[in-house]
Structure formats: structure tokens, C-alpha cells
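Descriptive analysis of the structure
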Amino acid sequence: MSYFDLKTDLSAEDIALKDQVHKFARDVMRPVAKQFDGMKADEVVAPDSPLWPFLKKVYELGYHKALMPEYYGGLGLNPLQISLVFEELGWGSFGMSVGMTVLCFPFYCACLANQEHLIESYVKPFCECTDASIRGCWAITEPDHGSDYVATAEDYFRSPKMRGNTQIRLDGNEWVIDGQKSQWVSGGTIATHALLHAQIDPSLGFGGNGVFVIPLDSPGVTKGPALRKIGQRDLNQGEIFFDGVRVPKDSIIVEPDYYVPMMDIILAAANLCMANWAIGLARASFEEAFNYCKERVQGGRPLIEHHSIKQRLFTMFSRVETCRVVGRAAANLNFNISPPFVEYSLWAKTQNTQMAYENAHDAIQILGGYGLTEEYLTEKLFRDARATLIEDGNNEMLAAHGGHILAETYPRPPIDF
Amino acid sequence: MAIFKDVPMVKEIFGDLWGKMIKDTEFGPKIKEGNISVLFIINDPNIVMYVDANGPIFDAEAEAKTALVTLKMDGDTVHKFWLRKVNVPKALALRQIRAKGPVGTILQLLPLLKPGQEIYPEYCKKYNLPMDV
Ligand SMILES: Cc1cc2nc3c(=O)[nH]c(=O)nc-3n(C[C@H](O)[C@H](O)[C@H](O)COP(=O)(O)OP(=O)(O)OC[C@H]3O[C@@H](n4cnc5c(N)ncnc54)[C@H](O)[C@@H]3O)c2cc1C
């Protein structure tokens, strides 16, 4: 279903882009997502899985490089276009949107690092790739450290007690990696490259961390099994283990002395993605409920003709519109300034995922018993939405982090340039 | 003490450097093709410069322009940048450089400036600017 856009001056290019991605979300993503949702996690990544033709299609259309600059062969979308595209992808499937976008994470951050060898050996080949053979992931959280990674402003962040599960040390011209990342790494079991956070100097706690772009075909890298979970089953996740893995010295893109502010920059970008996919998720739930209410008859007339149902649908509609305003505003700000005002990304992620979750919840309630069955999309949307409240940082921890930033910066002065 | 002695020195160096980059290197066609324009707001010494495919302009004329990307930093950071001695992500993270404009454009601007970084040492020699910063 299309929607009225409050932004009435979308360009012809914007509208064409939105329509093209919507078609892909409707005709390609949704059917495959439904299939994956019913499969075992290891079947989803098996050699004969529909995942591979799906990914190939993603690469052929260039959606894997939606965030990448045009100069390197990326789509070069502006902030509004990113929001338009991500809403449609989120509408198609939240989990698959994550899976499609995390593919670019190491390469996007390598652009930020602006080092020629990374551009040549990683960024350009990724942008040129059309067969889905180069796939990134964001390997940050660990079995013992989930929220700890986003708690950069907490007093314990720099405590030596914060010993990471992934240690890295310099040995001559190489870094040596030992340890593991959590089973939550999106795309973890199928990734060929990682944006890896690892601890260089444990005496500084997580303040001694660094960020690296590494290939995952090096000796000593192994993967855990694909993770089965309540929702976003169409998103592959799994552990990555490192046993004396050696990577070149120049694989580092963020050193400890600016790890903390850079962590915020990376988090701000990731949270913006979450916020904009959540618009699509909120809208998908609203549409399911709306369409059902036109067909389902109770009390001798369609549900939509009942006063209280109209009210409930309006509440759901309001959340969609609010999500869109929030997601676009935050993208417009933080994809347009460097460094970003992180609290606005946190705001957008926490609010939009909460509203998307409430819409998914309300959609089931409106469909009644049918809403709980696999006959309708609502139960999947609900399970997917539940995961978003934890994904990319528990919303409570993100809110606490936002509060820390406010304590330091509120009110921000106007941008004076 | 600031590396650039005064405003006229900055104007002379960067007026010439940008002019050369646009005229004589692959930067010229690329800035035109990408329709890129950059406003530099530099302090210490205080100067505003606008650059697009037509070359650099300064002061009030520059301030009147609307640029795709605005970069704000101090003069010493400018000098170090052209000497390739600034870790740009670090400088952004630590707010030594602040930028406004689509992040994607900023990311692609950095490699475009390489030809300028190659010829900048000549200016350092000519104007006796320190290179071991
Ligand atoms: C769908 C999905 C995709 C993901 N993708 C990735 C990925 O691509 N890469 C990756 O590395 N990770 C990924 N993650 C991991 C995700 O970032 C973590 O799950 C999240 O940060 C929370 O960490 P945790 O699960 O370890 O929970 P914990 O950190 O153990 O938190 C448990 C509870 O304790 C609370 N809590 C934690 N610390 C504090 C505190 N200091 N004070 C008060 N309360 C606290 C939390 O709010 C939460 O309620 C993903 C997760 C999901 C669900």
C-alpha cells in the first residue's frame, strides 16, 4: 500500500526510488522473509537456501551499497533518500533490512578512515561486487559484554575490570586476535569481512579498545552455529571465534585515543538505520490492521465501521506519521553533520522502535485470534518488533546514554556555520 | 603561535593551490562533475573561503555563497591536513574538524583533495612553513 507523503515536494527521482524499493520489498523481500521465518536457522544459510539468490539480487540492484558514497561506486543517496529507502526495506522485512545493510558496515567505516589501502582492497571491490561474494558484518558485542559496549559515558567503561572477550595485540607488523564475539553478530556466520571491535589495552578498560576492518578467511577464524530466536528469524546471526588470527598492522581504523567518540559516531549511524527501518515496520502493522478491519465483519458490519476501532486505527496511523517525522528529522540532522549529535539518533531509535512495537502489538489485538496465527503477517511483525527494542543497544541503555549526553551538552547552541 | 602568519598569506597560498588543483589536476573535472562546493571557515587566522569548479573566493563574497559542504577548523589543522598529517576521522571525532553537508559527500571529498596534498609541500618551502608538525 502506498501512503500520502507529508513532504509534498519529493523529486521525481525520490518517488521513483521509493517505488522501486517498495516493489522489491513487496515482491522479493516479503515472500523470502516468510520462507526464512519458517525455516531452521542453519537451513537459512545452507548452500541451497533461497538466501543466496536473494542476496545476489540485492547486489545486482546495488541495495547493499545504499549507504556508500557515489565516488566509490555506492548509491550516493542523500539523507532523505536513505530514509525513504530504509522505510520501504523495513516494511518488507526488518530482519532482512538489517542483514542487507550490515553487509556494508566494514566498508562504510573504511571510507570514514580514508586510507588508500583500505579503499583499494576493500571498499572498491565491495562496491563493484554484484555476486554477493563480499559480505560484511559488525562484530562488536561479546558473550560477557552487550550493553557495556554502548555505555561509553559510564564510569566503569574505562575500568580495567572491563576485560573484553576479544583481545588484540601487536606482534611486529601484524595484529594477533584471540577470543570471540557474541552470537548476536548480524550476518556473523556468513560474513567474509568484519568491522571488529577488540581490546588493545585492557588496563584502560574499554577505553583501550580499537576498531579494525578484517577479512574473515584468515587462519584461526571459525564461526558458531546460526542462531534461532523469537523474531527476525530472517536475519542470520552467530558467533565468530578468533584463535591467534593474524591481520596486517594497517587493519586498524580507530585507535584507543579516540575510540570513545568514534564509538558514538558509529552508534549514531547504526541507530539512524534502526529508526528508519522502524517506520516501515510500524507502517506494515498499521496496514495489516487497516486492511483487516475493512473485511472482518462483527456486529453485522465491518470492524472499521465501529467507533472504537476507528480510534484504535487512528492511534496506529499517528505512530506511523510520528515515526516518519522523527526518522527523517534525525537522518537529516545526523547524516548532514560530522560529528553527529548522537542524542538525536538515540532519540529516533528508541522512540521509533517503541512505536513500531506498539503498532505490532495493537495489530495483533485488532486482528484478534487470527492475529496470532501464521495466516497473517501480524505475528511475525510482532516478533520482529520485539527484537528491535534490544537490537543495536537495549532501549533503556540507549536512553541512559542519551541522558549522559544531555547532561553534558543540553542545550546545544545552534550550529553556527 | 599560529602557523599561518596572517590572512593575506592564507589567501595567497590557498588561492593559488586551489586554482592549480582545478586547472592542472584531475580534481578540476571531478569537482565539476560532482557539482561540489565547499565553504571553509577557518579561525586563527580568521578567514572564510568558498571553492567550487570556478576556483576559490574569499571573505564577504564567499560568505554569501551556499555550499554543499562546510568545513570548520583552525589554521594549524588546515596546514596539517594538506601535509597529510591529520587523521581526519580522529579530528572529526574530537571535533577539531566540524563538517556540515551530506556525510557521503564529505567522505568522497577527502580522496579528491589528494592532488593538493601532493603539491602543498612546495608552498611550505616557498612560504617557509614548518613541515615537521
Ligand atoms: C536482532 C539483533 C541484532 C543484533 N545485531 C548485532 C550485530 O550485528 N553485532 C553485534 O555485535 N551485536 C548485535 N546485537 C547485540 C545487541 O547489540 C545486544 O543484544 C544489546 O546491546 C544488549 O546486550 P545484551 O543482549 O548482552 O544484554 P545485556 O547487556 O546483558 O542487558 C541485559 C539487561 O540489563 C540491562 N542493563 C545492562 N547494563 C545495565 C546497566 N549498566 N544499568 C542498568 N541496566 C543495565 C539492559 O537494559 C537489559 O535489560 C544484536 C541483537 C539483536 C537482538
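Residues numbered from 1 in each chain as written. Chains lettered and ligands numbered in written order. Predicted model: local features only at pLDDT ≥ 70, side-chain atom pairs only at ≥ 80, totals over all residues. Heavy atoms only, no water.

Here we come to the site of the ligand. All names here are of chain A. Around the ligand, a shell composed of 18 residues is seen, among which W138, T141, S147, S186 and Q237 lie nearest. Within the backbone of W184, one N or O atom sits 3.0 Å away from a nitrogen atom of the ligand. Protein chains bury 68% of the 970 Å² of accessible surface belonging to the ligand in isolation. Because more than half of its atoms lie within 2 Å of the grid, the ligand is assigned to the largest pocket. The residue makeup of the shell around the ligand includes at least three contributed by each of domain 2 (136-258) and domain 3 (260-409). (Near = heavy atom within 4 Å. Polar contact = N/O pair within 3.5 Å; in protein donor to acceptor, adjacent residues only side chain to side chain. Areas by Shrake-Rupley, 256 points an atom, 1.4 Å probe, with all protein chains shown as cover. 1 Å grid on protein atoms, 1.4 Å probe; cavity = no way out; pocket = protein on both sides within 12 Å on 5 of 7 lines; lining within 4 Å. Sits in = over half its atoms within 2 Å of the grid points. Domains from an automatic or database assignment.)

Residues and elements named next belong to chain A. Residues L51, F54, L55, V58 and Y59 constitute the buried set of helix α3 (residues 51-61). One side of α3 carries all its buried residues, which in axial view fall inside an arc of 135°. Looking at the buried side of α3, the elements it contacts are α1 (12-37), α2 (41-44), α5 (94-102) and α7 (116-128). Just downstream of α3 lies G62, where phi reads positive at about 85°. (Buried < 20%, exposed > 50% of the residue type's maximum accessible area, 1.4 Å probe, protein only. Helix = DSSP H or I, 4+ residues; strand = E, 2+ residues; numbered from the N terminus. Arc of directions from axis to C-beta. Contact = heavy atoms within 4.5 Å.)

Reading across from one edge, β11(A)-β5(B)-β4(B)-β1(B)-β2(B)-β3(B) is the order of the six strands in this open sheet, with mixed pairing throughout. What marks the edges here is a single partner per strand, and that holds for β11 (337-338) of chain A together with β3 (55-58) of chain B. Inspection of the sheet shows β11 of chain A paired to strand β5 (residues 98-100) of chain B by two bridges, in the antiparallel sense. Considered in β5 of chain B, the bridge of I337 of chain A is made with K100 of chain B. Of the strands in this sheet, β1 (38-43), β2 (47-52) and β3 of chain B are in contact with helix α1 (residues 7-24) of chain B, which crosses β2 of chain B at around 10°. Sheet strands in contact with helix α6 (residues 103-112) of chain B are β11 of chain A together with β1, β4 (69-74) and β5 of chain B, and its direction is about 60° off that of β4 of chain B. (Pairing = 2+ DSSP bridges. Axes fitted to C-alpha atoms, helices over the stretch in contact; angles between N-to-C directions.)

This part is about the packing of aromatic side chains. All names here are of chain A. If you walk through the whole model with that rule in mind, you get 26 aromatic pairs over all chains. Taking the centre distance of 5.2 Å and the plane angle of 70° together, the rings of Y71 and Y72 count as edge-to-face. A relative accessible area of 32% places Y71 in the partly exposed class. Between F286 and F317, the aromatic rings sit 6.2 Å apart at their centres with planes inclined by 55°, giving tilted as the arrangement. Of the two residues, F286 is situated in helix α8 (residues 259-295) and F317 in helix α9 (residues 307-334); the sequence distance between them amounts to 31 residues. (Phe/Tyr/Trp six-rings, centres within 6.5 Å; stacked < 30°, edge-to-face > 60°.)

A separate point is helix α4 (residues 75-82) of chain B. All names here are of chain B. Taken across its eight residues, α4 has six buried, putting it largely inside the fold. Of the positions making up α4, those classed as buried are G75, T77, V78, H79, F81 and W82. Two residues or fewer after α4 comes R84, characterised by a positive phi angle close to 60°.

Turning next to the interface of chain A and chain B. Taken together, the contact between chain A and chain B spans 26 residues of the former and 26 residues of the latter. Summed over both partners, the interface of chain A with chain B comes to about 2400 Å²; 62% of that surface belongs to carbon and sulfur atoms. Here chain A is connected to chain B by four salt bridges. A salt bridge links K114 of chain B to E116 of chain A; the shortest N-O distance between them is 3.4 Å. Between the two partners, chain A and chain B, sit ten residue pairs in polar contact (both at pLDDT 80 or more). When residues of the side of chain A that touches chain B are traced back to their parent elements, those giving at least two are α6 (105-113), α8 and β11 of chain A. A per-element tally of the side of chain A that touches chain B places α6 of chain A first, with four residues. Of the residues that constitute the side of chain A that touches chain B, the class distribution is 17 nonpolar, four polar and five charged. (Buried area = accessible area lost by both parts, 1.4 Å probe. Salt bridge = Lys/Arg side-chain N within 4 Å of Asp/Glu carboxyl O. Nonpolar A, V, L, I, M, F, W, Y, C, P; charged D, E, K, R; others polar.)

Let's shift gears to the pairing of β4 of chain B. Residue and element names in this part refer to chain B. Burial analysis of β4 places five of its six residues in the buried class, which makes it a mostly covered element. Across six bridges, the pairing between β1 and β4 is parallel. In the strand pairing of β4, L39 is matched with T70. With three bridges connecting them, β4 and β5 associate as antiparallel partners. When the bridges of β5 are listed, T70 appears paired with K100.

A few words now on the side chain of E391 of chain A. Residues and elements named next belong to chain A. Considering the arrangement of structural elements, one finds E391 in the loop between α11 (378-388) and α12 (395-409). There is no salt bridge for the buried E391, and the closest opposite charge comes from K349, which lies 6.8 Å off by N-O distance. Among the polar contacts listed, one links the side chain of E391 to the side chain of Q232, at a separation of 2.7 Å. Not counting residues within four places of it along the chain, the set of residues in contact with E391 comprises F94, V98, Q232, L235, M274 and K349. (Lys, Arg positive; Asp, Glu negative; His and termini not counted.)

Moving on: the pattern of salt bridges. All names here are of chain A. Under the criterion given, the structure shown has 29 salt bridges over all chains. Between D27 and R26 there is a salt bridge, with its nearest N and O atoms 2.8 Å apart. The class for D27 is partly exposed, based on a relative accessible area of 40%. Close ionic contact of R383 with E379 constitutes a salt bridge, the shortest N to O distance being 2.9 Å. Of this pair, R383 and E379 both sit in helix α11, four residues apart, roughly one helical turn. Note on accessibility: R383 and E379 belong to one class, buried.

Residues and elements named next belong to chain A. Its boundaries defined by the atoms lining it, the largest pocket holds a volume of some 770 Å³. Every residue lining the largest pocket is counted, 35 residues in all, and those nearest its centre are W184, Q237, I390, E391 and D392. Sorting elements by how many residues they give to the lining of the largest pocket places α8 first, with six residues. (Points joined across faces, edges and corners; volume = space filled by probe spheres on them.)

To continue, consider the domain arrangement of chain A. Residues and elements named next belong to chain A. Parsing chain A into structural domains produces domain 1 (12-128), domain 2 (136-258) and domain 3 (260-409). Taken together, the 26 residues of domain 1 in the interface contact 30 residues of domain 3. Where domain 1 abuts domain 3, roughly 2200 Å² becomes buried across the two surfaces, and 64% of that area is made up of carbon and sulfur atoms. Interface area lost by domain 1 to domain 3 is led by P79, E87 and F94, which between them contribute 30%. Summed over the shared surface of domain 1 and domain 3, the result is four salt bridges. A salt bridge links R383 to D37; its shortest N-O distance comes to 2.6 Å.

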